[in-house]
Each structure stands twice: as structure tokens, then as C-alpha cells.
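Descriptive structure summary
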Amino acid sequence: MKSLEYLTHVQGMMAQAIESQLGNVDALARGMADTIMAGKTVFLLGTGHSSLLAQELFYRAGGLVRIQPMLEGPLMLHESASQSTLYEREPERASALIEKYAVGAGDLLVIISNSGRNPLCVEMALEAKKTGCFVAALTSIRHSCAGASRHSGGLRLFETADLVLDNLGELGDACVSYENFPGKAAPTSTVIGAALLQAAAAQTVEYMLEAGEAPEVYASSNIDGGDEINEAYLEKYRGRILFL
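Structure report, in brief. Note that this is a predicted model, so its numbers are computed, not measured.

The next point concerns the packing of helix α1 (residues 2–37) against helix α8 (residues 189–210). It is the contact of α1 with α8, at a shortest axis distance of 6 Å, that shows an interaxial angle of 40°. Crossing of α1 over α8 shows right-handed handedness. For the contact of α1 with α8, a count of residues per class yields 22 nonpolar, three polar and two charged.

What follows is the structure, given as C-alpha cells:
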């Protein structure tokens, strides 16, 4: 059964991620905790399907409140999926995004790109670092190393970030092969990436508690009292966190 093959493959990848990426997850969590406790902002940016992971930590039950996804329509799927592919390949768009979201010193930006080869993600890392922002990457190093960069300087995301989380994905992302069919199906970057990010968020709460800080975490709006908890956060952060 190909369904079982996929789930077994992902299970194996998760075991590898626990063994090889836990230190990087811990480093990201420390950075996120320090950023939040300093009153700064944790940003997330992804293009195409990676934009799903930029939304993964935002405004959800059990999620950290101080999260700012950079949700740009042309980079996502709902306006034009095919155009989002082209948009991230166009150079010199990063500065406008840095300015629009007011990314600056003391902030932390997680850039999510499976291939890490397109100009936008590389330029976002470089431009954000110029402001004093700490840059983390969530990418597939194997995929990135398998092809040439599309950035004018030949850089890839993992070569520009301060910290790199590897989703351990293979070239092309999909992992399930078939007889009499040349392609593969069932990508892995989203499920592994989401697990790594949520693991970092969970550890962020732990580090804040150890520091004597009260973490701000959304409740489920579908439990009694949840709306009241969340409304207090919404009232506090509307105008500061976009898309609330």
C-alpha cells in the first residue's frame, strides 16, 4: 500500500529529524524566546506551499501570540499558484518586504523554502541581516545542493542564514515511486517542516517559563472560555500584528 509506504517514510524522516535537528530546533527556540521576551517580533516567510508553514504558527490554538507571518498574495497560492512560482524568482523584491513589515534589529525571521535556490528567499535573508535581524532557514539541504542557485550571487538560503533547520527532504520533495510511472508523489516538506516549527514553539514556551516570563499562547476558540482569552490578546496586538 502506497499510503502505508508514505506514512512509514515520514515516520523514518521524523526519527532522523529528532536525531539530527533537535539541536537546531533548540537554538531556534532560544532565539524565539529571547526575541519575544525582548519585546521584538518573530516573523515567518514562505513562498508557494511554504507559505502554509508561515501560517502554521500563526493565530491557532496552542500557538504563540507574538508571531507575524509575512502573507503576500503574489507569493501564496490563492491568487495564482503558477505566478507565485515566478514571483519568487524575480530579484530585488526583498527590500520592499523588509520595509513593509518593519523588520529590524532584535527581530527574528524564519524563511521557509524547500529548494532555497530562488532570489527572493536569499535576498530576504541578506536584507534582514543588514537590519540586525536574526535569520533562520527551514529548507532541504539535499535539494538545495542538487541544483544551481538562481540568485545572481550564486547563493542558496542555507548559505545565508544564521541558523538552518533541514527538513531532510529529497530532490523534488515527493517520496513515493510507482511501477510504470516515471514521477513520484506525496511530498514531505510540509509535514516535517510543521513538526520542526511546532517543536521549536513548544520549547520556546519552556524557555520563557524558565526565565520567569508568562508565555502568551492562544486558547482554542472552541472550548469554554477560549474566546475571552483570545480576545484579550487581540485587543492588545491589533495594529501591531497584521492579519488579526
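Turning to α1, a few remarks are in order. The end-to-end C-alpha distance of α1 is 45 Å, clearly below the 52 Å that 36 residues give at a rise of 1.5 Å each. Of all bends in α1, the biggest is about 65°, found at Gln-21. For α1, the full list of buried residues reads Val-10, Met-13, Ala-17, Gln-21, Val-25, Leu-28, Ala-29, Gly-31, Met-32, Ala-33, Thr-35 and Ile-36. In this structure, the buried residues of α1 make contact with β1 (42–46), β2 (67–69), β3 (108–112), β4 (134–139), β5 (163–166) and α8. A positive backbone phi angle near 80° is found at Gly-39, which sits one or two residues after α1.

Within β3, five of the five residues are buried, leaving the element largely enclosed by the surrounding structure. Along β3, one buried face is formed by Leu-108, Val-110 and Ile-112 and the opposite face, lined by Leu-109 and Ile-111, is buried too. Two strands pair when backbone bridges link them, and β1 and β3 are joined in this way by five bridges, in the parallel orientation. Along β3, the bridge assignment pairs Leu-45 with Ile-111. Examined bridge by bridge, β3 and β4 share five bridges and lie parallel to one another. Along β4, the bridge assignment pairs Leu-109 with Val-135. Considered for its hand, the β-α-β crossover made up of β3, helix α5 (residues 119–130) and β4 is right-handed.

Leu-28, Met-32, Leu-44, Ile-67, Val-110, Ile-112 and Leu-197 are the most contacted members of the largest nonpolar core, which totals 39 residues. Of all the elements in the fold, those that place two or more residues in this core are α1, β1, α2 (51–56), β3, β4, β5, α8 and α9 (226–237). It is α1 that provides the largest number of residues to this core, a total of nine residues. Look past the residues within four positions of Val-110 in its chain and what remains in contact with it is Leu-28, Phe-43, Leu-44, Leu-45, Ala-136 and Leu-197. One finds Leu-120, Met-124, Ala-125 and Phe-158 within the second-largest nonpolar core, a separate group that totals 24 residues.

Parameters at a glance
- Per-chain numbering applies: the sequence of each chain, read as written, is numbered from 1 onward.
- Predicted model: local features are reported for residues with pLDDT of at least 70 only, side-chain atom pairs are reported and counted for 80 or more only, and whole-chain, interface and lining totals are derived from all residues.
- Remark: hydrogens and water are excluded; side-chain values derive from all non-hydrogen atoms of the structure.
- Fitted lines through C-alpha atoms serve as axes, helices being fitted only where they are in contact, and the angles separating the N-to-C directions of these axes extend from 0 to 180 degrees.
- Helix and strand labels come from DSSP, where a helix needs a run of H or I of at least four residues and a strand needs a run of E of at least two; each type is numbered from the N terminus.
- Crossings are sorted by hand: turned counterclockwise from the far helix by less than a right angle, the near helix makes the crossing left-handed, and turned clockwise it makes it right-handed.
- Just so you know the grouping, Ala, Val, Leu, Ile, Met, Phe, Trp, Tyr, Cys and Pro go in nonpolar, Asp, Glu, Lys and Arg go in charged, and all remaining residues, Gly too, go in polar.
- The span you would expect from a helix comes to 1.5 Å times its residue count less one.
- The term bend refers to the angle at a residue between two fitted axes, each drawn through seven residues, those ending there and those starting there.
- Here's how the labels work: a residue is buried when its accessible area is under 20% of the maximum for its type, exposed when over 50%, partly exposed in between, all with a 1.4 Å probe on protein chains only.
- Any two residues having at least one pair of non-hydrogen atoms within 4.5 Å are treated as being in contact.
- Strand pairing requires that DSSP identify at least two bridges connecting the strands.
- Call a crossover right-handed when, viewed with both strands pointing away from you, the route from the first strand across the helix to the second goes clockwise.
- The set of buried Ala, Val, Leu, Ile, Met, Phe, Trp, Tyr and Cys residues whose side-chain atoms join them within 4.5 Å is what this entry labels a nonpolar core.

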